[in-house]
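Summary of the model geometry
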Amino acid sequence: MNRLLLQFCEWLQHTQWAMDLSGSTWAYPYVQLTHFAGLSLWLGTSVAVDLRLLGAGRKRQAFAEISEGLLVWNWIGFAIAFAGGFMLFATAAPEFIVNSAFRLKVGVLLPLALVLHIAIQYKARAWDQAAHTPLAARIAGLAEILFWLAIAAAAASITYFEHL
Amino acid sequence: MRFCEWLEHTALITAITNSLVMSTIVEVLHYFSLFLLVGSILIVDLRLLGLAARRRNAAEVADEMFSLMWAGLVLNFATGFLLFAGDATTFYGNRVFHVKLAVILLAVIFGGIVQWGAGRWGRLPAIPIGAKLLAFVSLALWIASILAAVEVPSLTSVG
């Protein structure tokens, strides 16, 4: 399995578009921009709901309403961030795939955070109907923020694990 | 320039610069607050343009993004200042960094106008065309801010 993955990464890095991308000095920042703009939409809309679950902010709206109103741009943001992230990955796939920080980020933290995120969206309506925000909802909101901070920390640490 | 030299060698800044953990925390918070700041503004811009949360009132959408936007702005500015201070003498003369600051200043002005206006525009029967134009300029400026930010290390290998 690991060998197959490594072969895929080798192939990906040597596709024409990935080589054009890593060989170009002007294109790379635009791909970073794509990744970051997508993340802004994704995290802005996700954390808005999480903070509301924690009881922060101006409590004039139910969080299920916030969550549903932002749902479309939440996932558009994710799709943009994922596409940008995949392109950044492709430029040096074999190095990323053996990098401990990258493996922690994409292999462990990201799937867990996504499961939690979908659970929050799924439960928002039920949590809203309770007289008080349940403790589970508050914990879930805080946990999601901490997960994304951990993911950002893992991403920032990728460079420290290069060539190890 | 003297101020930059002094800043770089203050006890707090050297403590952050010399600690891998501290400087990583500042960097992570800078990125994270950027996402919160830009994301919350983009949603208000998109709502005014009629592209997001159309069933919700624009004033309501701006209201629920208000705290996140200001928290993001304050945290982003504070961590950005710490990152600048760590290498102030290099950033001081960096042209691309100057462009980045100018674009951000414009983006903050337009973002502020849109956030401030959304409360009134939301109560009108339809969003005025001028408001949509402002929202579009704000959206473009915030995207340009991220681009200017990633171009600093890319074009000048600083940061």
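What comes next concerns the included structure. (Residues numbered from 1 in each chain as written. Chains lettered and ligands numbered in written order. Predicted model: local features only at pLDDT ≥ 70, side-chain atom pairs only at ≥ 80, totals over all residues. Heavy atoms only, no water.)

What follows is about the overall build of chain B. Helix and strand counts for chain B stand at seven helices and zero strands. Going from N to C terminus, chain B has its helices and strands arranged as α-α-α-α-α-α-α. Split into buried and exposed, the 159 residues of chain B put 48% on the buried side. Surface exposure of chain B reaches about 8100 Å², of which carbon and sulfur atoms provide 71%. Seen as two clouds, the 10 positive and the 9 negative side-chain charges of chain B have centres 14 Å apart. (Helix = DSSP H or I, 4+ residues; strand = E, 2+ residues; numbered from the N terminus. Buried < 20%, exposed > 50% of the residue type's maximum accessible area, 1.4 Å probe, protein only. Areas by Shrake-Rupley, 256 points an atom, 1.4 Å probe, with all protein chains shown as cover. Lys, Arg positive; Asp, Glu negative; His and termini not counted. Charge placed at Lys NZ, Arg CZ, Asp CG, Glu CD.)

The interface of chain A with chain B comprises 32 residues on the first partner and 33 residues on the second. Both sides of the chain A and chain B interface together cover about 2900 Å² of buried area, and 74% of this is carbon and sulfur. Counting across the chain A and chain B interface gives zero salt bridges. Put simply, the parts of the chain that give the side of chain A that touches chain B at least two residues each are helix H3 (27–53), helix H4 (63–91) and helix H7 (135–157) of chain A. Ranked by residues supplied to the side of chain A that touches chain B, first place goes to H3(A) with 15 residues. Looking at side-chain class alone, the side of chain A that touches chain B contains 21 nonpolar, eight polar and three charged residues. (Contact = heavy atoms within 4.5 Å. Buried area = accessible area lost by both parts, 1.4 Å probe. Salt bridge = Lys/Arg side-chain N within 4 Å of Asp/Glu carboxyl O. Nonpolar A, V, L, I, M, F, W, Y, C, P; charged D, E, K, R; others polar.)

Now for the packing of helix H3 (residues 20–48) of chain B against helix H4 (residues 58–86) of chain B. Residues and elements named next belong to chain B. Between H3 and H4, the shortest axis-to-axis distance is 7 Å and the interhelical angle comes to 150°. When the axes of H3 and H4 are compared, the pair comes out roughly antiparallel. The handedness of the crossing between H3 and H4 comes out as left-handed. (Axes fitted to C-alpha atoms, helices over the stretch in contact; angles between N-to-C directions. Parallel < 35°, antiparallel > 145°, perpendicular 65-115°, else oblique. Left-handed = near helix turned anticlockwise from the far one by under 90°.)

Before going further, it helps to examine a nonpolar patch on the surface. Residues and elements named next belong to chain A. Among the surface-exposed residues, Leu5, Phe8, Trp11, Trp17, Phe82 and Phe86 lie close enough to one another that they form a single nonpolar patch of about 620 Å² accessible area. Sorting the residues of the nonpolar patch by element identifies helix H1 (2–13) and H4 as the ones contributing at least two each. The element best represented in the nonpolar patch is H1, accounting for three residues. Along the polypeptide, Phe8 turns up in helix H1. Owing to a relative accessible area of 37%, Phe8 belongs among the partly exposed residues under this scheme. (Patch = residues over 30% accessible without salt bridge, like charges linked within 9 Å, V, L, I, M, F, W, Y side chains within 5 Å.)

For the structure shown, the criterion picks out 21 aromatic pairs over all chains. Ring geometry for A:Phe96 and A:Phe102: centres 5.2 Å apart, planes at 45°, overall tilted. Comparing A:Phe96 with A:Phe102, the two get one shared label, buried. A connected cluster of aromatic rings, assembled from ring pairs, spans A:Trp17, A:Phe86, A:Phe89, A:Phe96 and A:Phe102. The ring of B:Trp116 is capped by B:Arg120, whose NZ or CZ atom sits 4.8 Å from the centre of that ring. (Phe/Tyr/Trp six-rings, centres within 6.5 Å; stacked < 30°, edge-to-face > 60°. Lys NZ or Arg CZ within 6 Å of the ring centre and 35° of its normal.)

Attention shifts here to the side chain of B:Ser138. All names here are of chain B. For Ser138, the position within the fold is in helix H7 (residues 129–156). Given the relative accessible area of 0%, Ser138 is considered buried. Dropping the residues within four chain positions of it, Ser138 is found in contact with Ile41, Asp45, Phe110, Gly111 and Val114.

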